[in-house]
Amino acid sequence: MSAPTTKEAADKINKILNEFGVPPLHGTVLADPQNASPEVVLAMVLDAMIKARPISHELTQRTIKKLIEADYHDIDVLSKSTWEDRTKVLQEGSYNRYREQCATNLGELAKLVVERYDGDLNNLLKQAAGKIDKARILLKEVRGMGDLAVEVFFNNVQGIWPSIAPCLDSRSLKTAAEIGIGTDLGKIYNVLERDPVRMSRFANGLSEVRLEKRQDVIEEL
């Protein structure tokens, strides 16, 4: 049995949760989802596909907001959209560098969700029998969902797919190590009272710390 988390590490975890922790899809009309509706899960996939690209935090948030405003988290709307429609929405979000490829990927995503999962990505979790390793394999069949995108998706979706918690993406794990929290997910999850919603907010909080370069605020504890 591993040693318990130190008080210092626990204090850092709680500080990140309370001061930087944000809910999934924050900044959009779907912020802080309470249930795993097909629309919410699809929105989280869109979010992950955008955030995994090497573009600015501000630009990713703007693009995700535009995609959701266009109702692309509704599989019927996304399925009926044309490549030109999707390109225009991405352009409105100032998502230029990867715009054409992303427009293609979104079309492929819609096709896969309809044909493989009957329009609801919750069926992916069912096919995976609730297991994270199998879910990861299935998600990587989505065009544009590489390892990092899958990790970002798991950060968010664990709050509504609790069977896969605890999750923390590799970039955030590195940040956790740097600021003295460590990388033992079990210990971190225990501090968070084994609550998948809190774990999701904490994961996003660590991302905020990294993106805002606020590591020094946490290290000082």
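Sequence order as written defines residue numbering, which begins from 1 separately in each chain. Reporting of local features is limited, given that this is a predicted model, to residues whose pLDDT is at least 70; pairs of side-chain atoms are given and counted only at 80 or more, and all residues count toward the totals for whole chains, interfaces and linings. As a rule here, side-chain values cover all heavy atoms of the structure and leave hydrogens and water aside.

For the protein, the name recorded in an unreviewed UniProt entry is Genomic scaffold, ProqFM164S02, with Penicillium roqueforti as its organism.

Enquirer: Can you break down the nonpolar core residue by residue, with the values?
Expert: Joining through side-chain atoms within 4.5 Å is the link that ties buried Ala, Val, Leu, Ile, Met, Phe, Trp, Tyr and Cys residues into a set, and such a set is a nonpolar core. Only protein chains enter the calculation, and the probe is 1.4 Å; a residue is then buried if its accessible area is under 20% of its type maximum, exposed if over 50%, and partly exposed in between. In this structure, L106, L109, M145, F153, F154 and W161 are the most contacted members of the largest nonpolar core, which totals 49 residues. Put simply, DSSP marks the helices as runs of H or I at least four residues long and the strands as runs of E at least two long, and each gets a number from the N terminus on. Listed by contribution, the elements that provide at least two residues to this core are α2 (38-51), α3 (57-69), α4 (75-80), α5 (83-92), α6 (99-117), α7 (122-127), α8 (132-139) and α9 (147-157). For this core, the element with the highest residue contribution is α2, accounting for 10 residues. In this document the domain limits rely on a domain assignment from an automatic tool or a database. Split by domain, the residues of this core number at least three in each of domain 1 (1-24 + 159-220) and domain 2 (34-146). Pairs of residues are marked as contacts when any of their non-hydrogen atoms sit within 4.5 Å. What L106 contacts, discounting residues up to four positions off in sequence, is L46, M49, L67, L78, R86 and L90. Counting 20 residues, the second-largest nonpolar core is a separate cluster that includes I13, I179, I181 and F202.

Enquirer: Please provide a residue-by-residue account of empty space enclosed by the protein, values included.
Expert: Grid points spaced at 1 Å over the protein atoms alone were grouped into cavities, where a 1.4 Å probe fits but cannot get out, and pockets, open sets with protein on both sides within 12 Å along at least five of seven lines, with lining residues defined by an atom within 4 Å of a point. Grid points are joined across faces, edges and corners, and a volume is the space filled by probe spheres set on the points. The final tally for this structure, using the stated rule, is 1 cavity of 30 Å³ or more. Approximately 30 Å³ is the volume attributed to the largest cavity. Taken together, P38, E39, L42, H73, I75, V113, G119, D120 and L121 form the lining of the largest cavity. In terms of residue count, the dominant contributor to the lining of the largest cavity is α2 (3 residues). For this classification, the nonpolar set comprises Ala, Val, Leu, Ile, Met, Phe, Trp, Tyr, Cys and Pro, the charged set comprises Asp, Glu, Lys and Arg, and every other residue, Gly included, is treated as polar. Class assignment for the residues of the lining of the largest cavity results in 5 nonpolar, 2 polar and 2 charged.

Enquirer: Explain the packing of aromatic side chains to me, using residue names and the numbers behind them.
Expert: To pair, rings of Phe, Tyr and Trp, with the six-membered ring standing in for Trp, must have centres within 6.5 Å; the planes then decide the type, stacked if under 30 degrees apart, edge-to-face if over 60, and tilted in the middle. Summed over the entire model, instances satisfying the criterion amount to 3 aromatic pairs. For the pair F153 and F154, a centre-to-centre distance of 6.1 Å together with 45° between the ring planes defines the contact as tilted. For the pair F153 and F154, one class covers both residues: buried. One aromatic cluster is present, formed by F153, F154 and W161 through successive ring pairs.

Enquirer: Talk me through the environment of R171; I want residue IDs and the actual numbers.
Expert: Within the secondary structure, R171 is located in helix α10 (residues 170-178). Taking the C-alpha atoms as reference points, R171 and L206, separated by 35 residues in sequence, lie 9.0 Å from one another. With residues near it in sequence (within four places) discarded, R171 still touches K51, L148, V152 and R210.

Enquirer: Would you mind going over the layout of surface pockets in detail, with residue names and values included?
Expert: The space that makes up the largest pocket amounts to roughly 270 Å³. Taken together, 22 residues form the lining of the largest pocket, with K51, H57, R171, R210 and L211 sitting closest to its centre. Elements with a minimum of two residues in the lining of the largest pocket: α3, α9 and α12 (196-211). For the lining of the largest pocket, the element with the highest residue contribution is α12, accounting for 5 residues. In terms of residue class, the lining of the largest pocket is built from 7 nonpolar, 9 polar and 6 charged. Composition of the lining of the largest pocket by domain shows at least three residues from each of domain 1 (1-24 + 159-220) and domain 2 (34-146).

Enquirer: An account of the domain arrangement of the protein is requested, with residue identities and associated values reported.
Expert: With domains assigned, the protein is organised as domain 1 (1-24 + 159-220) and domain 2 (34-146). Centre-to-centre separation of domain 1 and domain 2, based on C-alpha positions: 26 Å. In this assembly, 9 residues from domain 1 lie in contact with 14 residues from domain 2. What gets called buried area is simply the loss in accessible area from a 1.4 Å probe that two parts show on being joined, summed for both. With both sides pooled, the region where domain 1 packs onto domain 2 buries about 930 Å², and carbon together with sulfur makes up 73% of that total. On the domain 1 side of the contact with domain 2, I160, W161 and I164 bury the most area, a combined 62% of that side's loss.

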